[in-house]
Structure formats: structure tokens, C-alpha cells
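Descriptive analysis of the structure
The lines below spell out each chain.
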Amino acid sequence: MHMARFKKTTKITISYIFLAIIGILMVYPLLWMISASFKTNNEIFSSIGLLPKEIMWNGYADGWRGSGQYSFSLYFSNTFMLVVPTVVFTVISSLLVAYGFARFRFRGKKVLFALVIASLMLPNEVVIIPRYMVFNSLGWLNTYLPFIIPAAFATYSFFIFMLVQYVRSIPRELDESARIDGCNSFRILYEIILPLTKPAIISVIIFQFVWRWNDFLNALIYISSVRKYPVSLALRMSLDVTDTISWNQTMAMSVLSMLPPVLLFFMAQKYFVEGISTTGLKG
Amino acid sequence: MRHRRPTRQLKYRADDQRAGYLYILPWIIGFLAFQLYPFLASFVYSFTDFSILRPMKFVGLDNYKRMFTSDRLFWTSLKATVLYVLMAVPGKLIFALFIAMVLNMKLKFINFFRTIYYLPSILGGSVAISILWRFLFSRNGTVNSFLNSIGIGSLDWLGSPNLALGTMGLLVVWQFGSSMVLFLAGLKNIPQELYEAARVDGAGRIKTFTKITLPMLSPVIFFNLIMQMINAFKEFNAPYLITQGGPLNSTYLYGVMLYENAFTYLKMGYASAQSWVLFSIIMGFTALTFKSSPYWTYYEDGGEF
């Protein structure tokens with residue numbers, strides 16, 4: 001009996017040590033990046049330690065000012081101008097569509113919903129060239145409309161799928177009784193479904209914010225003038241000239257670029273993890 | 001449960017129909033304009049010499065013929081991509097499953113570890129992480145400094161054609177958190193009685209794993225497999241930003257090739273053909289996976305839809 005307990009304690013201790021080592025491996029690169037942003041260029045290359053000899057702020061100050069015409073104030077505000085409307089429209093359109101699929105009976109619904117699922121599997125790569133041509137002929141290139149307008153038309157089908165799952169788990173009796181009380185379908189959506197769907201909506205906001213924030217390929221294709229660059233393109237630009245410029249500036253700006261998604265994650269991680277485990281997509 | 005199936009109303013209520021269509025109208029428009037049209041157009045483009053520079057001409061199967069017979073870069077890229085997928089996806093999933101099983105042992109601080117492990121998944125695709133990777137694994141980067149200090153000596157992580165693809169794969173494995181969360185949720189759903197019964201029957205640890213855990217988790221595993229495979233086949237940021245497809249095209253992954261053909265060389269017809277080949281490959285893998293797993297979602301409303 002004693003032996004068994006001893007064995008169990010050992011097993012648990014080993015598990016903790018193992019988990020801790022993995023945890024350190026996971027966050028070490030990130031911590032290292034933060035520390036590098038406070039180091040001098042020489043020190044970045046010469047030490048693997050996390051504590052800088054002396055904390056240097058000029059990586060941030062000079063990095064923010066940027067090497068070209070524009071500073072990172074512009075790149076950050078550009079990113080928000082791109083990401084925030086996209087997220088807002090995604091939430092509104094996806095919720096309306098999800099409500100339509102989850103709560104109404106209409107001809108062809110199964111086929112249409114199968115198309116939602118099918119478009120989930122459709123790689124962006126297949127449609128990106130004709131989309132580019134469409135946006136080109138509409139005069140939308142080098143604007144944020146190629147991100148915002150498709151969001152307004154519920155083109156990010158992942159979120160429809162996610163919200164349909166969620167709305168379907170809300171008991172129908174709730175809206176039936178509201179209907180008997182004389183609520184129209186929009187009021188039912190607004191007053192019953194919306195409050196109950198809040199956790200899923202928060203997941204939509206977080207996922208879409210983080211993905212749009214990190215998005216590089218679409219920005220690379222649609223945005224051509226530096227004045228309209230989001231942070232991802234600005235960072236790429238600094239990477240191209242890093243051989244002559246200070247690494248610590250690039251590191252500093254990279255750290256800042258990761259801040260909004262990370263803050264959002266920590267603020268709402270409960271929903272984040274729930275969202276991913278209930279719908280189980282992407283990652 | 002057949003006897004309990006409700007008698008289906010075959011008639012649709014008119015106002016119900018109208019409201020339903022109205023709510024999904026944004027999606028219908030968006031689907032037609034931004035998904036179905038581009039999807040069909042890209043198929044048509046794939047039989048043309050379409051380029052933004054000149055009027056397009058139909059060339060029949062020429063693009064596909066060229067791709068499979070004379071474009072050496074296509075084969076290089078396809079091989080690198082398949083190798084990358086075969087390395088990164090199982091690596092990530094096995095690691096994620098293993099960690100999920102450790103976390104499932106009813107330890108304390110699970111939430112803390114889960115958060116830490118999940119963090120890289122949020123940042124993984126960003127330019128900042130590609131910059132970090134490029135730096136950590138450069139010839140005089142941190143990883144090599146560490147390896148030198150413990151006497152292993154440095155490796156040319158990104159400069160050697162044999163290693164570069166693996167270094168990209170490590171970046172994928174580093175983002176195992178999202179898969180791990182899914183596995184953890186799946187593991188929690190396995191009825192504890194199954195394990196107790198197995199213990200009573202004297203089944204060993206390996207047997208329990210292969211006879212209970214794996215089969216019970218298989219829907220989650222298959223699902224993860226599909227999504228991760230699709231993502232890995234499309235990978236663009238890391239090879240484009242970290243190695244620019246090099247050295248010697250060893251990390252010239254399919255996504256980079258598509259981007260370059262379409263938007264650098266403006267061979268949009270050819271790139272469309274290549275995107276359809278990618279699509280067929282992905283669909284092939286997906287169909288296989290789907291066939292083997294007919295159920296992976298659970299509906300509160302019993303599938304009545």
C-alpha cells in the first residue's frame with residue numbers, strides 16, 4: 001500500500017516536471033524575443049540569457065519611428081481600420097445567417113447548409129485569383145474593402161458553422177413561447193438568441209480578430225501602397241532591410257505586433273478554449 | 001429509436017420560409033459572388049493562358065500537361081509539400097495527443113498549462129513569429145548558441161537543404177496547442193467505466209490505449225487530421241518569410257509556388273491550374289478521411305434539422 005502511494009507520487013512529480021519543461025520550451029522563444037527587444041544588437045547575438053545587461057528602450061523608440069516615411073502609429077491604426085470593421089461585420093452577418101439556418105424551415109435548407117460546410121473546405125488558394133480580378137474590376141485593390149465586404153456577406157463560413165452549432169443547442173421552447181407572446185423573429189433573435197449566444201459570439205470575435213490581425217497573404221496581395229500597410233506588411237518590410245538595420249528594432253516591433261492578440265487571448269481565454277473545443281475547427 | 005421519429009411536416013410554412021431566406025440572404029449573395037463564382041472562374045482560367053497583362057486565350061489542357069511533364073519546379077514543390085505535410089501533421093498530432101493524455105491525469109494547474117501551451121497557436125501564423133524563427137535558427141542564432149554551449153555544436157538549420165524543411169515543421173509542432181485542446185475535450189468525453197472495466201479485465205496500459213483511447217478518440221483525430229492537413233498543404237507565411245523557398249528550393253512549398261506564379265510572374269491561368277491540382281489533392285485526402293469516419297459531431301436536437 002505504501003509502495004503504491006510512493007509510486008503514484010513519483011509518477012505525478014515526473015508528470016509535473018515534464019509539463020514544466022514543455023511549458024518552458026513553449027514560452028522560451030517568446031520570452032527571448034521580448035528580452036531581445038531590450039538588448040543591444042551585439043548582445044542579441046552573443047548571449048542566450050533572458051536578462052539584458054542593461055535595458056535599452058531605443059529598440060522601441062527607433063523601431064516605432066520606422067526606417068521609411070511612416071511610423072508604426074500609422075501601421076497600427078491601419079491594422080485596426082482593417083480588422084475592426086471586418087470583425088464587426090463578420091459577427092452581424094454570421095449571426096443572422098446562423099439564425100436563419102438554425103431556426104427556420106425552408107426548401108433547400110439541407111443543400112444550402114451542405115454548401116456552407118463545403119465552402120469550409122474550400123482552400124482560399126483556389127479562389128484567390130478570380131477574387132483578385134473581381135476586386136480589381138470593382139476598384140477595391142489597395143483598400144480594405146476586400147476584407148470588409150466579404151465579411152458583411154458572411155463569407156467566413158467557419159463562423160456560420162460555429163454559430164449554427166451553438167444556436168441549435170439553445171432549447172427551441174424559449175423562442176416558441178416568445179412567439180406565442182407575439183414577438184416577431186427579429187425580436188426573438190435580438191432578445192432571446194443573442195444574449196444566450198454571447199459566449200459563441202465572443203469566440204467569433206476573438207478568432208476573427210486574431211486571424212485578421214495575423215493575416216499576411218491577403219494583405220500582401222491586396223494592399224500595395226506603404227501608406228496603407230497593416231503591421232504584418234510593415235514588419236515584413238523591416239525584415240527585408242534588417243541586414244543593415246538594428247535587429248532589436250525589428251524585435252521590438254514584433255513584440256508590439258503580438259500584443260493585441262495576446263491581450264485579447266488572456267482577457268477572454270475561457271471563451272477561446274471553449275469555442276475551439278465545442279466546434280473543434282482550425283488552429 | 002425509429003418509433004419516436006416525429007411525423008415530418010412536409011409542408012413548409014410560408015412566413016417561416018420567407019424569414020429563413022431573408023436571414024440567410026447575405027450568405028447567399030456572398031457565396032455566389034465571393035465563393036462560387038471565383039471557384040468556377042478559377043476552373044475556367046485553368047484552361048487558359050490568362051494573365052492580367054493581355055487578353056486571355058484558351059489553351060486546353062496545356063497548363064496541366066506542362067505542369068506534369070516539363071515543370072521541374074512543380075515536382076520539386078509538390079515533393080517538398082507532401083514531405084512537409086507527412087512530417088509536420090503527424091508530428092503535431094502525436095505530440096498534441098501525448099500532452100493531452102498527460103494533462104488528462106487529473107493534475108492540478110491544468111488550466112495554467114493549457115494556457116501556456118495554447119499561446120503559440122494564437123501567434124503561430126504571424127509575421128512576428130516567422131521573424132523570430134528566422135532569428136532563433138540562424139547560423140549564429142540562439143538555438144545554435146545553446147547547442148554549442150552544451151557541446152553538440154551548431155547546425156545549419158535554415159541553410160541546409162536537408163534541415164530547412166524540418167525546421168519549418170518544428171514551427172508547426174510548436175503550435176500543437178489547438179489540437180491538444182481538442183484532444184483534451186475528446187478524452188474527457190470517454191466514459192470512465194470503460195477504463196475501469198479494462199482494468200478489471202487486466203488489460204495493460206498499451207492495450208488500454210489501443211483498444212479504448214484511440215478508438216473512442218478517433219472522430220476527433222480524423223477531424224484534426226483533415227483540418228491540419230488542409231492547413232499544412234496551404235502553408236505560405238513560414239516558407240515565404242523565413243527561407244524564401246530556399247535553400248535549393250527545399251522549402252519551396254505549394255503555397256509559395258502558387259503565389260509567385262500568380263502574383264509575381266502573373267501567370268494566372270497556370271497558377272489556377274496548379275490551385276486545382278492542390279484542391280484535388282486536398283479533396284482526395286479529405287474524402288478518404290471522411291469515408292472512414294461518418295460521425296464526429298453531436299447535436300443537442302438529435303440531428304433534426
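Quick note: structure is the one above.
Residues numbered from 1 in each chain as written. Chains lettered and ligands numbered in written order. Predicted model: local features only at pLDDT ≥ 70, side-chain atom pairs only at ≥ 80, totals over all residues.

1. Points about the overall build of chain B
Filter applied, for reference: Going along the chain from the N terminus, every DSSP run of H or I of four or more residues is numbered as a helix, and every run of E of two or more is numbered as a strand. It is over C-alpha atoms that the radius of gyration is taken, and the globule rule equals 2.2 Å times the number of residues to the power 0.38.
For chain B, the helix and strand inventory stands at 13 helices and zero strands. Helices and strands in chain B line up, N terminus first, as α-α-α-α-α-α-α-α-α-α-α-α-α. Taken over the C-alpha trace, chain B has a radius of gyration of 24 Å; the compact-globule value for 305 residues is 19 Å, which it surpasses by more than 25%. Oriented by its inertia axes, the alpha-carbon framework of chain B measures out at about 70 × 65 × 35 Å.

2. Overview of the overall build of chain A
Under the convention used in this document: Any two residues are considered in contact once their C-beta atoms, placed from the backbone, lie within 7 Å.
A count of helices and strands for chain A gives 15 helices and zero strands. For 283 residues, the compact-globule estimate of 2.2 N^0.38 gives 19 Å, and the C-alpha radius of gyration of chain A, at 24 Å, exceeds that figure by more than 25%. Expressed as lengths along the three principal axes of its C-alpha atoms, the size of chain A is roughly 75 × 70 × 35 Å. Sequence separation of at least 24 residues holds for 75% of the intrachain contacts in chain A that already meet a minimum separation of 6.

3. So, the interface of chain B and chain A
Counted only if it meets this: Polar here means any residue outside two lists: the nonpolar Ala, Val, Leu, Ile, Met, Phe, Trp, Tyr, Cys and Pro, and the charged Asp, Glu, Lys and Arg; Gly therefore counts as polar.
Taken together, the contact pairs 75 residues of chain B with 70 residues of chain A. The greatest single-element share of the side of chain B that touches chain A, amounting to 20 residues, is contributed by helix H1 (residues 14–45) of chain B. By residue class, the composition of the side of chain B that touches chain A is 51 nonpolar, 19 polar and five charged.

4. So, the nonpolar core
What counts, and what does not: The term nonpolar core refers to a group of buried residues, namely Ala, Val, Leu, Ile, Met, Phe, Trp, Tyr and Cys, whose C-beta atoms join them within 7 Å. With C-beta atoms placed from the backbone, the exposure class of a residue follows from how many other C-beta atoms lie within 10 Å of its own: 20 or more, buried; 12 or fewer, exposed; in between, partly exposed.
Val97, Ala98, Tyr99, Ile160 and Leu163 of chain A together with Met180 and Phe183 of chain B are the most contacted members of the largest nonpolar core, which has 151 residues in total. Setting aside residues up to four positions removed in sequence, Ala98 of chain A forms contacts with Ile160, Leu163, Val164 and Val167 of chain A.

5. Examining the environment of Asn140 of chain B
Residues and elements named next belong to chain B. You can see Asn140 is positioned in the loop between helix H5 (127–136) and helix H6 (142–149). You can call Asn140 exposed: it has 11 C-beta atoms within 10 Å. Separated by 48 residues in sequence, Asn140 and Lys92 have C-alpha atoms that sit 27 Å apart.

6. With respect to the packing of helix H4 (residues 72–103) of chain A against H1 of chain B
Quick note on the threshold: Lines are fitted to the C-alpha atoms to define the axes, a helix being fitted only along its stretch in contact, and any angle between axes, read from their N-to-C directions, falls within 0 to 180 degrees. Roughly parallel refers to an angle under 35 degrees, roughly antiparallel to one over 145, roughly perpendicular to one between 65 and 115, and oblique to any angle outside these ranges. Helix crossings fall into two classes, left-handed where the near helix is turned counterclockwise from the far one by less than a right angle and right-handed where it is turned clockwise.
At a minimum axis distance of 7 Å, the contact between H4 of chain A and H1 of chain B shows a crossing angle of 140 degrees. The orientation of H4 of chain A with respect to H1 of chain B, classified from their angle, is oblique. Of the two elements, H4 of chain A crosses H1 of chain B, and the hand of that crossing is left-handed. Judged by residue contacts, Ser93, Leu96, Val97, Tyr99, Gly100 and Phe101 of chain A of H4 of chain A engage Gly20, Tyr23, Ile24, Pro26 and Trp27 of chain B from H1 of chain B.

7. Describing the environment of Arg199 of chain B
Residue and element names in this part refer to chain B. Of note, Arg199 is situated in helix H9 (residues 192–200). Using a count of 11 C-beta atoms within 10 Å as the deciding quantity, one classes Arg199 as exposed. A C-alpha to C-alpha distance of 49 Å links Arg199 and Ile242, two positions 43 residues apart in sequence.

8. Some thoughts on the packing of helix H11 (residues 198–214) of chain A against helix H14 (residues 247–267) of chain A
When two helices pack together, their arrangement is captured by the angle between the axes and the distance separating the axes. Residue and element names in this part refer to chain A. At a closest axis distance of 10 Å, the pairing of H11 and H14 adopts a crossing angle of 165 degrees. Relative to H14, the element H11 is oriented roughly antiparallel. Of the two possible hands of crossing, H11 and H14 adopt the one that is left-handed. On H14, the residues that touch Ile206, Phe209, Val210, Trp213 and Asn214 of H11 are Pro260, Pro261 and Leu264. For the contact of H11 with H14, the class distribution of residues is seven nonpolar, one polar and no charged.

9. Some details on H1 of chain B
Quick reminder: α-helices carry 3.6 residues per turn. Residues three or four places apart thus point the same way. This is how it is decided: Note that the bend at a residue is defined as the angle between axes fitted to the seven residues ending at it and the seven residues starting at it.
The sharpest bend along H1 of chain B comes to roughly 50 degrees, located at Ile24 of chain B, with the proline Pro26 of chain B sitting one to four residues further on. Along H1 of chain B, the residues that are buried comprise Gly20, Tyr23, Ile24, Pro26, Trp27, Gly30, Phe31, Phe34, Gln35, Pro38, Ser42 and Tyr45 of chain B.

10. Looking at unusual backbone geometry
A cis geometry characterises the amide bond from Gly246 of chain B onward to Pro247 of chain B, with omega recorded as -10 degrees. Tracing the chain through its elements places Pro247 of chain B in the loop between helix H11 (237–243) and helix H12 (254–264). At Asn142 of chain A, a residue that is not glycine, the phi angle is positive and equals roughly 65 degrees. Summarising the element assignment, Asn142 of chain A is placed in the loop between helix H6 (124–137) and helix H7 (145–152). Since 14 C-beta atoms lie within 10 Å of it, Asn142 of chain A is described here as partly exposed. Although it is not a glycine, Gln244 of chain B sits at a positive phi angle of roughly 50 degrees. Mapping Gln244 of chain B onto the fold places it in the loop between H11 and H12. The class for Gln244 of chain B is exposed, based on 12 C-beta atoms found within 10 Å.

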